[in-house]
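Residue strings, one per chain:
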Amino acid sequence: GCQMASGTNTANSDDASKITIAATADPDGSCMIEGSGSYDVGDTCTMKAYNSPGYTFDGWYENGTKVSSSDTYSFTVQTPRTLVAKCTQSTPGEG
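Engineer: Go over the side chain of E62, please, and point to the residues and values.
Structural biologist: One can find E62 in strand 5 (residues 55-62). A relative accessible area of 18% means that E62 is categorised as buried. Side-chain polar atoms of E62 contact the side chain of R81, separated by 2.7 Å. If we skip the residues at most four places from it in the chain, E62 touches V67, R81, T82 and L83.

What follows is the structure in structure tokens.
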């Protein structure tokens, strides 16, 4: 039958200790992001941004402050974070 794997009820408490690192692209679709997800405190998180054609990567921002100008940003996970990968259009105006 479809028995639940043993220890399923402890999974929730495990997840509670995870730190969520979220990342968004600004503007939408201007770059692809790797590295967001759930981490343990003390883990090293490495965020990578790959700019789409027509865009140039500007930097990683958090709460409006630039935290890194490199497209690869590594940090030690301590608290939940929401990072924004900002890109600028490298070809202005065309449609």
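Engineer: Lay out the sheet that holds strand 2 (residues 31-34) in plain terms, naming residues and giving numbers.
Structural biologist: Strand order in the open sheet formed by 3 strands is 2-4-7, and the pairing between neighbours is antiparallel. Strand pairing shows two members of the sheet lacking a second neighbour, strand 2 and strand 7 (72-76), which therefore form its edges. Across the sheet, the mean angle separating the axes of adjacent strands is 15 degrees when strand polarity is ignored. Pairing between strand 4 (residues 44-51) and strand 7: 5 bridges, direction antiparallel. Bridged to M47 within strand 7 is Y73.

Engineer: An account of the pairing of strand 4 is requested, with residue identities and associated values reported.
Structural biologist: In this sheet, strand 4 lies alongside strand 2 in antiparallel orientation, the contact comprising 4 bridges. Across the sheet, residue M32 finds its bridge partner in strand 4, namely Y50.

About the criteria used
- Residues numbered from 1 in each chain as written.
- Predicted model: local features only at pLDDT ≥ 70, side-chain atom pairs only at ≥ 80, totals over all residues.
- Heavy atoms only, no water.
- Helix = DSSP H or I, 4+ residues; strand = E, 2+ residues; numbered from the N terminus.
- Buried < 20%, exposed > 50% of the residue type's maximum accessible area, 1.4 Å probe, protein only.
- Polar contact = N/O pair within 3.5 Å; in protein donor to acceptor, adjacent residues only side chain to side chain.
- Contact = heavy atoms within 4.5 Å.
- Pairing = 2+ DSSP bridges.
- Axes fitted to C-alpha atoms, helices over the stretch in contact; angles between N-to-C directions.

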